[in-house]
Amino acid sequence: MARYFDIDDIIMEDELISVVYQVGANGVGLLDPGAERNCVEQGAKVELPFWLAHELHMRQAVVVSAPPCFNQKTRKEIQADAAFVDLRSRCPYFYEFGCKVAPLIGDRTIGSFLLYAFTGRYKEVLSKAHSSAFISTPKSTLLTKEETQLYEAARSSMAAFKKWRVGGPRFERASILRKRKPTD
Amino acid sequence: MYGRRASQLLKDFSANEPGQISAFDTENFDQVIKECDAHHLELQALMRKIQEEGLDIQTTRNADHYGAVIHHLALIRNKRCLMAYVYNRAEIIQSLRWKVGPVLPEEVQEKASYSEEEYFKNHSAALESYMSEVELDLTVDMVPPKDPYTKVRVLDDIGDVFLSDQSPNLARHSIHFLRRTDAEQFISQGLMEELSS
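From a predicted model like this one, the values you see are computed outputs, not experimental measurements. (Residues numbered from 1 in each chain as written. Chains lettered and ligands numbered in written order. Predicted model: local features only at pLDDT ≥ 70, side-chain atom pairs only at ≥ 80, totals over all residues. Heavy atoms only, no water.)

> Which parts of the structure should I look at to understand the nonpolar core?
Soluble globular proteins tend to bury their nonpolar side chains together. Among the nonpolar cores identified, the biggest contains 68 residues, and Tyr21, Leu31, Leu48, Leu56 and Phe94 of chain A together with Ile70 of chain B are the most heavily contacted of them. The element that contributes the greatest number of residues to this core is helix 3 (residues 63–100) of chain B, accounting for 13 residues. Those residues within four positions of Ile70 of chain B in sequence are excluded, and the remaining contacts are Tyr21, Ala25, Val28, Leu31, Leu52 and Leu56 of chain A together with Tyr2 of chain B. Counting residues in each nonpolar core, the second largest holds 11 residues, with Leu163, Ala183, Leu191 and Met192 of chain B among its members. (Core = buried A, V, L, I, M, F, W, Y, C linked by side-chain atoms within 4.5 Å. Buried < 20%, exposed > 50% of the residue type's maximum accessible area, 1.4 Å probe, protein only. Helix = DSSP H or I, 4+ residues; strand = E, 2+ residues; numbered from the N terminus. Contact = heavy atoms within 4.5 Å.)

> Would you explain the interface of chain A and chain B in this entry?
Accessible area lost when the parts come together is the quantity often used to give the size of an interface. Taken together, the contact pairs 44 residues of chain A with 55 residues of chain B. Buried area between chain A and chain B, both sides added, is near 4,500 Å², and the carbon and sulfur share of it is 62%. Connecting chain A to chain B are five salt bridges. Taking the shortest distance from any N to any O, the salt bridge between Arg77 of chain B and Asp14 of chain A comes out at 3.4 Å. Across the contact surface, chain A and chain B share 10 residue pairs in polar contact (both at pLDDT 80 or more). Counting only elements with at least two residues in the side of chain A that touches chain B, the list comes to helix 1 (7–12), strand 1 (16–21), strand 2 (25–26), strand 4 (45–49) and helix 2 (50–58) of chain A. In terms of residue class, the side of chain A that touches chain B is made up of 22 nonpolar, six polar and 16 charged. (Buried area = accessible area lost by both parts, 1.4 Å probe. Salt bridge = Lys/Arg side-chain N within 4 Å of Asp/Glu carboxyl O. Polar contact = N/O pair within 3.5 Å; in protein donor to acceptor, adjacent residues only side chain to side chain. Nonpolar A, V, L, I, M, F, W, Y, C, P; charged D, E, K, R; others polar.)

> What's the story with the UniProt feature "domain: DNA replication complex GINS protein PSF1 C-terminal" (unreviewed entry) in chain B in this structure? I'm lost.
Taken from the UniProt record, the annotation "domain: DNA replication complex GINS protein PSF1 C-terminal" (unreviewed entry) applies to residues 146–195 of chain B. Overall, residues 146–195 of chain B shows 18% helix and 36% strand. The separation of its end C-alpha atoms is 14 Å. (UniProt positions renumbered as here; feature names shortened; annotations may be inferred.)

> Is there a simple way to explain the side chain of Thr139 of chain B in this structure?
Positionally, Thr139 of chain B belongs in the loop between helix 5 (114–134) and strand 1 (149–154). In contact with Thr139 of chain B, not counting residues within four places along its chain, are Arg97, Trp98, Leu127, Met131, Glu184 and Gln185 of chain B.

> Where do I start with helix 7 (residues 145–166) of chain A in this structure?
In an α-helix there are 3.6 residues to a turn, and that puts residues three or four apart on one side. Residues and elements named next belong to chain A. In this model helix 7 runs 31 Å from its N-terminal to its C-terminal C-alpha over 22 residues, within 8% of the 32 Å that 1.5 Å per residue would give. Along helix 7, the positions that sit buried rather than exposed are Glu146, Glu147 and Tyr151. Axial view of helix 7: buried residues confined to an arc of 140°, hence all on one face. (Expected span 1.5 Å × (residues − 1). Arc of directions from axis to C-beta.)

> I keep staring at the sheet that holds strand 1 of chain A and nothing clicks. Help me out?
Consider a sheet: its strands pair through backbone hydrogen bonds, and that pairing is either parallel or antiparallel. Residue and element names in this part refer to chain A. Judged by pairing direction, the sheet is antiparallel, and its three strands sit side by side in the order 4-1-5 without closing on themselves. The outermost strands of the open sheet, each flanked by one partner alone, are strand 4 and strand 5 (62–64). Direction aside, neighbouring strands of the sheet carry axes that sit 45° apart on average. Where strand 1 and strand 4 come together, five bridges link them in antiparallel fashion. Pairing of Val20 across the sheet is with Lys45, part of strand 4. Helix-sheet contacts for helix 2 involve strand 1, strand 4 and strand 5, and the interaxial angle to strand 4 is about 115°. (Pairing = 2+ DSSP bridges. Axes fitted to C-alpha atoms, helices over the stretch in contact; angles between N-to-C directions.)

> Please explain a nonpolar patch on the surface as it appears in this structure.
All names here are of chain A. Residues Phe118, Tyr122 and Leu150 make up a contiguous nonpolar surface patch of roughly 240 Å² in combined accessible area. Locating Phe118 in the fold gives a position in helix 6 (residues 109–131). With relative accessibility at 30%, the residue Phe118 sits in the partly exposed group. (Patch = residues over 30% accessible without salt bridge, like charges linked within 9 Å, V, L, I, M, F, W, Y side chains within 5 Å. Areas by Shrake-Rupley, 256 points an atom, 1.4 Å probe, with all protein chains shown as cover.)

> Just to check I follow, could you spell out the UniProt feature "domain: GINS subunit" (unreviewed entry) in chain B for this structure?
Mapped onto the present numbering, the UniProt feature "domain: GINS subunit" (unreviewed entry) falls on residues 63–134 of chain B. With 88% helix and 0% strand, residues 63–134 of chain B has its two end C-alpha atoms placed 62 Å apart.

In structure tokens, the structure reads:
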């Protein structure tokens, strides 16, 4: 409940996950594009957003299968070179989503896989981006949303540190106004 | 898919830079409320159907029950999206009172909805009445000062003003030595810049 208003949390729960219905459900034909009547049959295989799949799983109405971003192929790629795997296109909330999905599919290897991926990528991508002398933007197209936030946090703290060391103006125009051009 | 439009609302919101808002998306917002109404109707229809079949609504676990559950969940989800949209916008609007002062800047005013403007005014009024009670301006000195005075350059023609210890003519491009507490408001409104010494 603490994250009720958290926009990232809400958007993440929109990730699709494939489930198999253990029961039928009437009046929800929209969920199954292949349905002939306005209902979902027992045994139907459907892609549902996580927020729905999670609740239905708790009611034992569906069986959840592992999303493709945690399949063997991705794991192999991560093992080969974690830093150059495009996780963003697979799942923009790779880690959070993994944490939420793991208990549903009862796969105990996901946790350690996430940790392995994160440590590898953190070392390769994020920390290098800060220690390098020139400002090199990391390949932001490869980073997940979480990693981007982490990178931004580190970048702004580096900027704050440099500002503190050098000194200079400390008051700034409110960021909401920065697009306005000074009136001539 | 259920809840698609509602989450799109939030995706549009989060596409803004942090701390910035875009115009209140009345159209999609109302559409999502309509979706909620539709879910509610479907939910009621399914519950009625269960009752008409003479089954106990508490314990029945048939296809109608699960259909109703899905509509219920979709409704809750839509509600969460709408609440988050309003809440996060309100947070930004509220923070503006502390950053730019008691008047909502024009470019924000165009984007805010009527209730958001009211919220800003009421928050501002509440803050002001508190500040006058404790006789302290809480919105200044957000950065701890090293020196009570600071050197500033005026960026816009402000004219003659009365400040706490002097009444300078703040003509454009003139340079002044002002109390930080006086200068802070002007700087955050973009009318002055601080000169590093």
